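# Survey of secondary and tertiary structure
What follows is each chain in one-letter form.
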Amino acid sequence: MHVPAIPARSTRPRRRAPAWLAHVTRLRRAPVPRTAMVRGALGAGPLLAAGIAAGQPGPGVLAALGAMLAGVNDRPGTRRKGLVHIGLPAAAGSLGLLAGAGVAESAGRWAAVPALFLVGWVSGALSARSAVWSAAALQMLVATTIGMGMPLAGPAWLKALCFLTGAGWLVVLRLLLRAPRSRDSTRWSGEREAVAAVFDALADALGALGGPGAPSARRALVAAQQQADEALRLMRLLPWPRRSGGAAHVLAERFGAGVALCGASIALQWEGRPVPDAVAEGPRRLAAAVRSGGPAGPLPSPRPDTVERLAFDRAVLEAAVVFDRTTAGSPAPQDPARPPATGTRAGFRPGLFTPAGREYGLRVALCVSVTAAVALLLHEDHWYWLPATAAFLVKPDMGPLFSRVVNRFAGTVAGVLVFVALMAAAGGLGPPLVVAAVVVAGGLVPLSTRHFAFQTAVITVLVLSFVHTAGDTEAAASRLLETFLACVIVLLVGHLPRVADPRVRVGHRFAVTLRCTERYLRHVLAAPGPAGESRLPGGAGGRQRDDARGLALRSAAYRALAEARAAAETVAAELPGPFGGRRHDWSAVTVAAELVVDAATACALRVGNGVPRPSSGEVERVTTALSVLADALEDGHRVARPAPGPGPRDCRSLRDVMTQLHGIHRLTTAGEMRSASSAFSARS
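Residues numbered from 1 in each chain as written. Predicted model: local features only at pLDDT ≥ 70, side-chain atom pairs only at ≥ 80, totals over all residues. Heavy atoms only, no water.

## Some remarks on the overall build of the chain
Each helix and strand counted, the chain has 24 helices and zero strands in total. Within the chain, the fraction of its 684 residues that count as buried is 53%. Taking the intrachain contacts of the chain between residues at least 6 apart in sequence as the baseline, contacts between residues at least 24 apart amount to 82%. Carbon and sulfur atoms make up 63% of the accessible area of the chain, which totals about 29,900 Å². (Helix = DSSP H or I, 4+ residues; strand = E, 2+ residues; numbered from the N terminus. Buried < 20%, exposed > 50% of the residue type's maximum accessible area, 1.4 Å probe, protein only. Contact = heavy atoms within 4.5 Å. Areas by Shrake-Rupley, 256 points an atom, 1.4 Å probe, with all protein chains shown as cover.)

## Considerations on the environment of Ala91
Along the polypeptide, Ala91 turns up in helix H5 (residues 79-106). By relative accessible area, which is 39% here, Ala91 ends up partly exposed. Each C-alpha atom, one on Ala91 and one on Leu164, is 6.9 Å from the other, the two residues being 73 residues apart in sequence.

## Comments concerning empty space enclosed by the protein
Evaluated as defined, the whole model comprises nine cavities of 30 Å³ or more. Taken together, 17 residues form the lining of the largest cavity, with Ile146, Trp385, Ala388, Phe392 and Val463 sitting closest to its centre. Of all the secondary structure elements, the ones that give two or more residues to the lining of the largest cavity are helix H4 (57-72), helix H7 (131-149), helix H15 (385-394) and helix H18 (452-470). For the lining of the largest cavity, the residue count by class is 14 nonpolar, two polar and one charged. (1 Å grid on protein atoms, 1.4 Å probe; cavity = no way out; pocket = protein on both sides within 12 Å on 5 of 7 lines; lining within 4 Å. Points joined across faces, edges and corners; volume = space filled by probe spheres on them. Nonpolar A, V, L, I, M, F, W, Y, C, P; charged D, E, K, R; others polar.)

## Quick notes on a nonpolar patch on the surface
Together, Phe409, Leu481, Phe484, Val488 and Leu492 line one region of the surface with nonpolar side chains, adding up to about 460 Å² of accessible area. It is helix H19 (residues 475-493) that provides the largest number of residues to the nonpolar patch, a total of four residues. Turning to its location among the elements, Leu492 is positioned in helix H19. (Patch = residues over 30% accessible without salt bridge, like charges linked within 9 Å, V, L, I, M, F, W, Y side chains within 5 Å. Salt bridge = Lys/Arg side-chain N within 4 Å of Asp/Glu carboxyl O.)

## Some remarks on the packing of aromatic side chains
Evaluated as defined, the whole model comprises three aromatic pairs. Plain terms: the ring middles of Phe199 and Phe323 are 5.7 Å apart, the flat faces sit at 85 degrees to each other, and that makes the pair edge-to-face. Linking Phe199 in helix H9 (residues 189-207) with Phe323 in helix H13 (residues 307-325), this pair joins segments that are 124 residues apart in sequence. Phe323 matches Phe199 in its accessibility class, with the two residues each being buried. Ring centres of Phe409 and Phe484 lie 6.1 Å apart, and the angle between their planes is 65 degrees; on these two criteria the pair is classed as edge-to-face. Residue Phe409 is located in helix H16 (residues 401-426), and its partner Phe484 is located in helix H19; the two are separated by 75 residues in the primary sequence. The class for Phe409 is partly exposed, based on a relative accessible area of 31%. The exposure class of Phe484 is partly exposed, given its relative accessible area of 44%. Just above the ring of Phe452 sits the side chain of Arg404; from NZ or CZ to the centre is 4.1 Å. (Phe/Tyr/Trp six-rings, centres within 6.5 Å; stacked < 30°, edge-to-face > 60°. Lys NZ or Arg CZ within 6 Å of the ring centre and 35° of its normal.)

## Brief notes about the side chain of Thr460
Assignment of secondary structure puts Thr460 in helix H18. By relative accessible area, Thr460 is classed as buried at 2%. A polar side-chain atom of Thr460 sits 2.7 Å from the main-chain carbonyl oxygen of Thr456. The residues contacting Thr460, other than those within four sequence positions of it, are Trp385, Gly411, Thr412, Gly415 and Val416. (Polar contact = N/O pair within 3.5 Å; in protein donor to acceptor, adjacent residues only side chain to side chain.)

## Some points on the side chain of Asn609
Looking at the element boundaries, Asn609 is found in the loop between helix H22 (586-608) and helix H23 (616-634). Residue classification places Asn609 among the buried residues on the basis of a relative accessible area of 16%. A distance of 2.8 Å separates a polar side-chain atom of Asn609 from the backbone oxygen of Leu605. Contact partners of Asn609, with chain neighbours within four places excluded, come to Val307, Ala311 and Arg314.

## Describing the confidence of the model for the chain
For the chain, mean pLDDT is 82; residues scoring 70 or higher make up 83% of the total. Mean pLDDT values for the elements of the chain range from 70 in helix H24 (residues 652-683) up to 93 in helix H3 (residues 44-53). Considering only residues more than four positions removed or in separate chains, one finds that residues 331-341, a stretch of pLDDT under 50, has 16 contacts. Between residues 673-684, whose pLDDT stays under 50, and residues either more than four places distant or in other chains, the model counts two contacts. (pLDDT = per-residue confidence, 0-100.)

## Thoughts on the packing of H4 against helix H8 (residues 156-176)
Running from N to C, H4 and H8 cross one another at 45 degrees; their axes reach a closest spacing of 7 Å. On the basis of the axis angle, H4 is oblique to H8. In the packing of H4 onto H8, the handedness of the crossing is right-handed. Each of Pro59, Leu62, Ala63, Leu65, Gly66, Ala67, Leu69, Ala70 and Gly71 in H4 lies in contact with H8, whose residues at this interface are Lys159, Cys162, Phe163, Gly166, Ala167 and Leu170. Grouping the amino acids of the contact of H4 with H8 by side-chain chemistry returns eleven nonpolar, three polar and one charged. (Axes fitted to C-alpha atoms, helices over the stretch in contact; angles between N-to-C directions. Parallel < 35°, antiparallel > 145°, perpendicular 65-115°, else oblique. Left-handed = near helix turned anticlockwise from the far one by under 90°.)

## Focus: H18
Compared with an ideal rise of 1.5 Å per residue, which puts 19 residues at 27 Å, H18 spans 26 Å between its outermost C-alpha atoms and is within 8% of the ideal. The buried fraction of H18 is high, at 17 of 19 residues. Backbone geometry just after H18 places Gly471 at a positive phi near 115 degrees. (Expected span 1.5 Å × (residues − 1).)

## Considering H16
In this model, H16 (26 residues) spans 37 Å end to end at C-alpha, consistent with the 38 Å of a helix rising 1.5 Å per residue. Looking only at H16, the buried set comprises Leu401, Phe402, Ser403, Arg404, Val405, Asn407, Arg408, Gly411, Thr412, Gly415, Val416 and Phe419.

## Examining the packing of H3 against helix H17 (residues 431-444)
A pair of packed helices is captured by two measures, namely the crossing angle of their axes and the spacing between those axes. Contact pair H3 / H17: the axes reach a minimum separation of 8 Å and the direction vectors enclose 160 degrees. Between H3 and H17, the angle falls in the class roughly antiparallel. As for the relative orientation of H3 and H17, their crossing is right-handed in sense. Between H3 and H17, the contacting residues are Ala44, Gly45, Leu48, Ala49 and Ile52 on the first element and Pro431, Val434, Val435, Val438 and Val439 on the second. Its residues assigned to classes, the contact of H3 with H17 shows nine nonpolar, one polar and no charged.

This is the structure in structure tokens:
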């Protein structure tokens with residue numbers, strides 16, 4: 001019997017969609033935020049209903065708008081983190097609304113163009129600092145646009161107050177409505193869970209040692225450590241409703257033990273050898289002890305046959321001592337009012353006048369001012385939609401531009417269709433139906449953060465409901481055309497030369513990483529005082545401050561590295577533009593930069609555990625190479641600089657640092673050398 005031959009499966013690799021296209025459909029996976037959805041439903045809807053019932057729809061719309069934008073920033077985290085991440089953008093938004101309404105009252109229509117250029121430049125530059133500053137800058141810019149372009153009755157100060165009241169209402173809901181807690185939970189449960197998550201991530205990182213998942217596990221560990229550090233720092237800054245006393249001190253001490261273990265685990269990863277499974281499970285016991293407040297029990301440790309494993313063994317022993325001393329029922333610490341420092345923010349923070357700040361600012365300012373000019377030509381009033389859409393699209397730190405443009409337009413179409421279908425089904429929108437639509441859409445805002453198109457559709461329904469309440473009942477149809485115009489303008493302006501150069505945006509982030517690493521190495525490898533004393537005065541207190549300074553510098557280096565990695569991933573998913581032919585392999589640069597920071601951490605740990613300190617000449621050679629390469633990345637290698645020299649012969653960790661610096665120099669100069677060669681061939 002003849003059996004048809006089964007065609008052999010092709011061994012050719014399956015072609016993947018380009019990154020700029022694949023990013024369009026990428027979903028962010030996260031648990032369903034049920035409590036945040038309840039807060040969203042109770043946020044904007046009741047405020048709008050109160051305004052309509054009082055016969056003041058304008059103030060009700062502004063209050064509901066403030067609650068809606070606050071709901072966009074209502075993300076998982078501790079209560080104090082929520083207060084900062086909602087409150088700071090809300091304050092910036094009210095300031096922007098005050099300024100925008102003031103300009104609209106006192107100047108002509110066309111004064112909005114230079115005003116939005118200035119506010120857009122400040123907004124874009126502030127976005128280079130951090131995620132919370134980026135959210136604040138976005139709300140400030142959008143609220144300024146609304147204050148200028150949405151005609152609502154009332155003085156500027158009243159509009160800003162209504163907006164701030166709406167955001168404050170959501171903050172109150174954030175404090176009152178929280179996720180269900182266990183019976184033994186306390187008011188520090190959020191911070192305690194953040195610290196426990198560090199030990200869970202440490203267990204995962206130890207279990208991945210020596211395997212292909214080690215780098216990603218280490219990134220998750222560093223991210224968990226930074227989140228816990230932020231939670232504890234906010235706990236010290238905002239200790240309401242009463243002083244934390246010993247509870248905060250105990251949590252800070254246990255987190256300090258975790259920080260020491262994390263540093264030792266990074267040195268183990270640099271060593272590259274796996275550890276027994278029992279050792280990897282030790283931090284799980286520490287995590288359980290943090291959650292329960294009890295002791296950790298026996299903690300296994302690897303055999304200390306290398307310097308790195310000896311350092312980890314000592315960190316485990318110190319953690320056991322700390323957990324025994326801080327177990328519930330043990331004597332209180334000597335000075336509970338001053339919890340130990342586990343690292344503060346240090347290092348370089350991008351500002352308004354850095355290359356990245358200037359590039360961000362110019363890109364946002366141009367797009368917003370150009371769309372404002374076009375909108376003023378098209379409309380006498382209600383012209384805010386075009387520049388507000390551009391503001392949401394062009395922010396470089398919020399994702400690839402092409403992906404945001406496509407999803408913004410698709411989400412707007414979906415939102416308009418839903419709103420029009422609702423009007424057609426109900427034969428018009430009365431106040432009860434408008435409020436019901438705002439309640440449902442407000443509840444979906446926290447869930448919509450999974451995808452930008454989904455979020456845009458939900459916000460479009462909300463904004464059209466607000467505009468309908470304010471009196472613009474024919475807004476739905478024109479919003480599609482205006483969104484399309486904004487998308488086209490942002491794509492054109494956002495890809496202009498010197499406005500979208502990835503070498504400036506990403507190179508600056510890696511330059512900050514190298515400079516933070518340089519400062520860390522200079523600090524930890526500086527020659528000690530007589531008899532090994534601290535470089536800072538104060539005896540044991542000086543040594544403690546010295547150690548805290550080193551931890552802060554190391555944390556700053558890893559924080560800058562995470563920001564550089566995020567910027568590199570965004571640039572890799574951008575639509576190829578004028579710089580496509582000279583695009584560096586930023587993913588390879590990211591790997592090399594990670595190895596640089598890891599090797600620097602390992603060097604500091606080895607020196608602290610008895611390895612001879614490198615000579616001052618070797619330290620100066622390595623730190624100078626870090627500084628020179630950072631300067632080259634900062635200016636895009638526009639000024640020729642020599643490649644890093646050879647590494648120290650007797651220090652393996654610093655030799656690894658120099659090896660990776662050679663790799664970064666080669667990766668970031670290859671594009672310039674190819675471009676110069678092409679230009680020379682064209683002239684020939």
